[in-house]
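Fold and contact review
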Amino acid sequence: MKQTILAISGKPGLYKLVSRGNNSLIVEALDATHKRMPAFGNDRITSLADIAMFTETDDVPLMTILASLRDLEGGKESSLNYKKASPAELHEYFTKVLPEWDRDRVHNSDIKKLIQWYNILVKAGVTDFEEEMVPTEGDNIDDRKAE
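None of the values given here were measured: they were computed from a predicted structure. (Residues numbered from 1 in each chain as written. Predicted model: local features only at pLDDT ≥ 70, side-chain atom pairs only at ≥ 80, totals over all residues. Heavy atoms only, no water.)

With respect to helix α2 (residues 87-97)
What counts is decided by this rule: For every residue, the accessible area obtained with a 1.4 Å probe (protein chains only) is divided by the maximum for its type, and the residue is called buried under 20%, exposed over 50%, and partly exposed between those limits. Strands are runs of DSSP state E lasting at least two residues, helices are runs of H or I lasting at least four, and both sets are numbered from the N terminus onward. The arc in question is the one traced by the directions running from the helix axis out to the C-beta atoms. Pairs of residues are marked as contacts when any of their non-hydrogen atoms sit within 4.5 Å.
Of all the residues in α2, the buried ones are Leu90, Tyr93, Phe94 and Val97. In a view along the axis of α2, the buried residues occupy a sector of 95°, so they form one face of it. Exposed and facing more than 90 degrees away from the buried side of α2 are Ala88, Glu92 and Lys96. At its buried positions, α2 is contacted by β6 (52-53), α1 (62-73) and α3 (108-123).

The following block contains the structure:
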């Protein structure tokens, strides 16, 4: 089952695209509440499938990094408490996940956000990142046909 998982700037957590309205998207929180709400055009909405992280060579899609994290943790939540971890602990942990990450352009907050999102996805039962979270046709503005 393909899903469009979204991050909405200014709103905590992750959201699943449920439907499209006239001038909004209907999204459902991936947490235990499963609360549905509209997301409007002035909200900065990003699909996780469109996010990549910097490495020393090419940018790596977030789905690949999440899959690497899943393999490291055996499909369970992260063993690192990202809220209490020191910068050195975050760097050491992330090096296990993505050895060639760009230490100048990837910040501690990026690593913490990645681990937080990974934990949310695992709790929601999403663990097949490569298959489940690819962009579906029509989700990208470039894919839409001119009307």
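Still to come is the rest of the account.
Thoughts on the nonpolar core
Going by this rule: For this analysis, a nonpolar core means a set of buried residues of the types Ala, Val, Leu, Ile, Met, Phe, Trp, Tyr and Cys, connected via side-chain atoms within 4.5 Å.
If you look at the biggest cluster of nonpolar residues, it comprises 33 residues, and the most contacted ones within it are Leu14, Leu48, Ile65, Leu66, Phe94, Leu121 and Phe129. Where this core is concerned, the elements lending two or more residues are β1 (5-8), α1, α2 and α3. For this core, the element with the most residues is α3, which contributes 8 residues. Within the second largest apolar cluster, 9 residues are counted, among which are Tyr15, Leu17, Leu25 and Ala29.

A few points about the sheet that holds β1
Definition in use: Two strands are counted as paired when DSSP detects at least two bridges linking them. Angular values range over 0 to 180 degrees, each being the angle between N-to-C directions of two axes fitted as lines to C-alpha atoms, with helices fitted over their stretch in contact.
Judged by pairing direction, the sheet is antiparallel, and its 5 strands sit side by side in the order β4-β3-β2-β1-β5 without closing on themselves. The open sheet has two free edges, formed respectively by β4 (36-40) and β5 (45-47), since each of these has just one partner strand. This sheet shows a mean twist of 45° between the axes of neighbouring strands, independent of strand direction. In this sheet, β4 lies alongside strand β3 (residues 24-29) in antiparallel orientation, the contact comprising 5 bridges. Along β4, the bridge assignment pairs Glu28 with Arg36.

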